[in-house]
Amino acid sequence: MLNNKKDLKITALAAFLIAFLAVPIINNLGLPPFLKAFGTLGISAALFIFTITGFLLLNFLSRWFPILRQITKFTIVGGLNTFLDFAVLNFLIASSGITSGVGFRFLKGISFIVATINSYFWNRHWTFESRNREEGLQFIQFLVVSTIGLFINVGVATFIVDVIGPVGSITPIIWANIGALIATAASLIWNFLGYKFIVFRR
């Protein structure tokens, strides 16, 4: 069972950061002006509530399925990293106007690296509670696993954005975010297995 008080506080912090990071993402998606203020506030609040509710549900289920302890934390950290990745990506898109091509791959790589560094500290100290003192070696292993995840992530995003391209009336900015979302899902399983059995194994 999860350490309720400590983990709930950390989850609340992650939920707040997710809600905060959602703001530049939503603002860059080009919502109509009359929906933007309500939409940003409403979606951010919903993300906060969803994160806390998900934690409480999985916390309850972890009594019977102990593996959910790490999956719960990994999912929350993954959500935070995803929103950090998207926030950085959308900030760079808004600043540069680049939504495809080589420039997009470069921007996606930057956003992924920022999220990966954040991921290391959250996963080491909270998700897997690593006590390995060889932090330098562990970080190198983390970078190797994450680099493979980077190729999966950027490769899938690039395929969706540049090869498939926007479908129907979807704008390039929204399509870039769709590509990033699918890419994140594609690399999620690899990252969890790599971190659990290679980087933070006990």
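Report follows, based on the coordinates.

## Some points on the environment of Ile 10
Relative to the elements of secondary structure, Ile 10 occurs in helix α1 (residues 4-28). In the structure, Ile 10 is positioned 160 residues away from Ile 170 in sequence and 36 Å away in space, judged by C-alpha atoms. Ile 10 has contacts with Trp 122 and Trp 126, leaving out every residue within four places of it along the chain.

## Considering helix α5 (residues 135-164)
Under the 1.5 Å per step criterion, the end-to-end length of α5 is 41 Å for 30 residues, consistent within 8% with the ideal 44 Å. Every buried residue belonging to α5 is among Gln 138, Phe 142, Val 145, Ser 146, Gly 149, Leu 150, Asn 153, Val 154, Ala 157, Thr 158, Ile 160 and Val 161, and all of these are buried. The elements touched by buried residues of α5 are α4 (101-127) and α6 (172-199). Positive phi shows up at Gly 165, right after α5, with a value of about 80°.

## Observations regarding the side chain of Gln 70
Within the element layout of this structure, Gln 70 appears in helix α3 (residues 68-96). Overall, the relative accessible area of 13% leaves Gln 70 in the buried class. Not counting residues within four places of it along the chain, the set of residues in contact with Gln 70 comprises Thr 127, Phe 128, Phe 192 and Lys 196.

## Examining a nonpolar patch on the surface
A contiguous nonpolar patch, built from Phe 159, Val 163, Ile 164, Val 167, Ile 170 and Ile 174 and spanning about 510 Å² of accessible area, is present on the exposed surface. By residue number, the principal contributor to the nonpolar patch is α5, which donates three residues. Position of Phe 159 among the secondary structure elements: in helix α5. For Phe 159, a relative accessible area of 47% translates into the label partly exposed.

## Looking at the packing of aromatic side chains
As enumerated under the stated definition, the model contains 14 aromatic pairs in all. Centre to centre, the rings of Phe 60 and Trp 64 are 5.0 Å apart; their planes meet at 70°, and the pair counts as edge-to-face. Ring centres 6.3 Å apart and planes at 65° place the aromatic pair Phe 74 and Tyr 195 in the edge-to-face group. With Phe 74 in helix α3 and Tyr 195 in helix α6, the pair connects residues that are 121 residues apart, well separated along the chain. Given the relative accessible area of 4%, Tyr 195 is considered buried. Aromatic ring contacts, followed pair by pair, group Phe 74, Tyr 120, Phe 121, Phe 128, Phe 139, Phe 142, Phe 192, Tyr 195 and Phe 200 into a single cluster.

Criteria and cut-off values
Residues numbered from 1 in each chain as written. Predicted model: local features only at pLDDT ≥ 70, side-chain atom pairs only at ≥ 80, totals over all residues. Heavy atoms only, no water. Helix = DSSP H or I, 4+ residues; strand = E, 2+ residues; numbered from the N terminus. Contact = heavy atoms within 4.5 Å. Expected span 1.5 Å × (residues − 1). Buried < 20%, exposed > 50% of the residue type's maximum accessible area, 1.4 Å probe, protein only. Patch = residues over 30% accessible without salt bridge, like charges linked within 9 Å, V, L, I, M, F, W, Y side chains within 5 Å. Areas by Shrake-Rupley, 256 points an atom, 1.4 Å probe, with all protein chains shown as cover. Salt bridge = Lys/Arg side-chain N within 4 Å of Asp/Glu carboxyl O. Phe/Tyr/Trp six-rings, centres within 6.5 Å; stacked < 30°, edge-to-face > 60°.

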